[in-house]
Amino acid sequence: MTQQGIIAIGRMDGSAAVEAEDAFKLIYGEAFAEPPYNETADDVAAAFRRFPVQARNRTFRAVLARTSEGEPIGMAYGYPLGPDTVWWDELTEPVPDDMRREDGHRTFGLMELAVRGPWRGQGVARRLHKTLLDGIGAERVLLNVHPASKAASAAYRAWGYRKIGEARPWGEGADLHDVMLLDLR
């Protein structure tokens, strides 16, 4: 295990995140190449064709963790869900209308959170999560997590998330994911 040492976590808006896209891509590609995700170079390329579009959302926010030498080691990003979000439509079982109601402020959608292998188990993910959500003003946070990712699921539960359903976030051929919600009120 790599010693944590001094790790800087910086928050950024969409334009800054796009400028740092290579760092986000490095972390994403390394973290999600592992089981249960098993993402290929083509999967990573597809995800990062969406990244600049997501980052253009005016409410997009991201955090990037780096070592004192500047090496990128962790990242997280997302934005509040708008009234036209499809996140709720992807659930395999419907949820009550009141839970689905979105206004662009109520729910923060946590799109990605990842830490490179050598820096896991040292609180980096928790710090990324806390920094990303600090001051967002949302009532809650919504995310999808692969149920076979035991460490991620356990961390989210420890941080107060609860499973509210299951979804196939990338269509019918995708793996089933747990949909988790964190109440911030």
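Quantities reported herein were computed from a predicted structural model and do not represent experimental measurements.

**Q** So, the overall build of the protein: which residues are in play, and what are the values?
**A** Helix and strand content of the protein: 6 helices and 7 strands. Ordering the α and β elements of the protein from the N terminus gives β-α-α-α-β-β-α-β-α-β-α-β-β. Rg of the C-alpha trace for the protein: 16 Å, near the compact-globule value of 16 Å for 185 residues, within the 12% margin. Its C-alpha atoms give the protein principal-axis dimensions of about 50 × 30 × 30 Å. Within the protein, the proportion of its 185 residues that are buried is 46%. Within the protein, counting contacts between residues at least 6 apart in sequence, those at least 24 apart form 69% of the total. Accessible area of the protein: about 9500 Å², with a carbon and sulfur share of 50%. Here the protein holds 23 positive side-chain charges and 27 negative ones, and the gap between their average locations is 5 Å.

**Q** Give a description of the packing of aromatic side chains that names residues and reports values.
**A** A complete count under the given rule lists 11 aromatic pairs for this structure. Ring geometry for Phe48 against Phe51: centres 5.1 Å apart, planes inclined by 40°, an arrangement best described as tilted. Within this pair, Phe48 and its partner Phe51 are both found in helix α3 (residues 41-55), separated by 3 residues, close to a single helical turn. Relative accessible area serves as the criterion here: at 0%, Phe51 is assigned to the buried category. Three or more aromatic residues joined by ring pairs form one cluster here, namely Phe24, Tyr28, Phe32, Tyr37, Phe48, Phe51, Phe60 and Tyr77.

**Q** Quick rundown of the pattern of salt bridges? Include the residues and the values.
**A** Here the structure, examined in full by the defined rule, presents 12 salt bridges. A salt bridge links Asp89 to Arg100; the nearest nitrogen and oxygen atoms lie 2.6 Å apart. Residue Asp89 is located in the loop between β3 (72-80) and α4 (97-100), and its partner Arg100 is located in helix α4; the two are separated by 11 residues in the primary sequence. Among the ionic contacts, a cluster of salt bridges with common partners joins Arg106, Glu139, Asp183 and Arg185.

**Q** Give a description of the sheet that holds strand β6 (residues 162-167) that names residues and reports values.
**A** Spatial ordering of the open sheet is given by β1-β2-β3-β4-β5-β7-β6, a layout of 7 strands whose pairing is mixed. Looking at the sheet topology across the chains shown, the edges are occupied by β1 (7-12) and β6. Looking at each pair of strands side by side, their axes are set apart by 25° on average, direction ignored. In terms of strand pairing, β1 meets strand β2 (residues 61-67) through 6 bridges, oriented antiparallel. Opposite Ala8, over in β2, you have Arg66 as the bridge partner. Along the sheet, helix α2 (residues 21-31) makes contact with β1, β2, β3 and β4 (107-115), crossing β3 at roughly 100°. Its contacts with the sheet place helix α6 (residues 150-158) against β4, β5 (140-145) and β7 (177-183), and it is angled at close to 165° to β5.

**Q** Please give an account of the packing of α2 against α3 that cites residues and values.
**A** For the pair α2 and α3, the least separation of the axes is 11 Å and the interaxial angle reads 145°. Between α2 and α3 the crossing geometry is right-handed. Contacts between α2 and α3 pair Glu21, Phe24, Lys25, Tyr28 and Gly29 from the former with Val44, Ala47, Phe48, Phe51 and Pro52 from the latter. Its residues assigned to classes, the contact of α2 with α3 comprises 7 nonpolar, 1 polar and 2 charged.

**Q** Can you tell me about the nonpolar core, naming the residues and giving the values?
**A** The biggest cluster of nonpolar side chains holds 33 residues, and the ones touching the most others in it are Phe24, Phe60, Leu64, Met75, Tyr77 and Leu142. Put simply, the parts of the chain that give this core at least two residues each are α2, α3, β2, β3, β4, β6 and β7. Within the second largest apolar cluster, 23 residues are counted, among which are Val115, Trp119, Leu132 and Leu133.

**Q** Please give an account of unusual backbone geometry that cites residues and values.
**A** Backbone torsion omega between Pro35 and Pro36 reads 10°, so that peptide bond is classified as cis. In this fold, Pro36 is placed in the loop between α2 and α3. The backbone of Asn38 shows a phi angle near 55°, a positive value even though the residue is not glycine. Mapped onto the secondary structure, Asn38 falls in the loop between α2 and α3. Overall, Asn38 belongs to the partly exposed group, its relative accessible area being 45%.

Criteria and cut-off values
- Residues numbered from 1 in each chain as written.
- Predicted model: local features only at pLDDT ≥ 70, side-chain atom pairs only at ≥ 80, totals over all residues.
- Heavy atoms only, no water.
- Helix = DSSP H or I, 4+ residues; strand = E, 2+ residues; numbered from the N terminus.
- Rg over C-alpha atoms; globule rule 2.2 N^0.38 Å.
- Buried < 20%, exposed > 50% of the residue type's maximum accessible area, 1.4 Å probe, protein only.
- Contact = heavy atoms within 4.5 Å.
- Areas by Shrake-Rupley, 256 points an atom, 1.4 Å probe, with all protein chains shown as cover.
- Lys, Arg positive; Asp, Glu negative; His and termini not counted.
- Charge placed at Lys NZ, Arg CZ, Asp CG, Glu CD.
- Phe/Tyr/Trp six-rings, centres within 6.5 Å; stacked < 30°, edge-to-face > 60°.
- Salt bridge = Lys/Arg side-chain N within 4 Å of Asp/Glu carboxyl O.
- Pairing = 2+ DSSP bridges.
- Axes fitted to C-alpha atoms, helices over the stretch in contact; angles between N-to-C directions.
- Left-handed = near helix turned anticlockwise from the far one by under 90°.
- Nonpolar A, V, L, I, M, F, W, Y, C, P; charged D, E, K, R; others polar.
- Core = buried A, V, L, I, M, F, W, Y, C linked by side-chain atoms within 4.5 Å.

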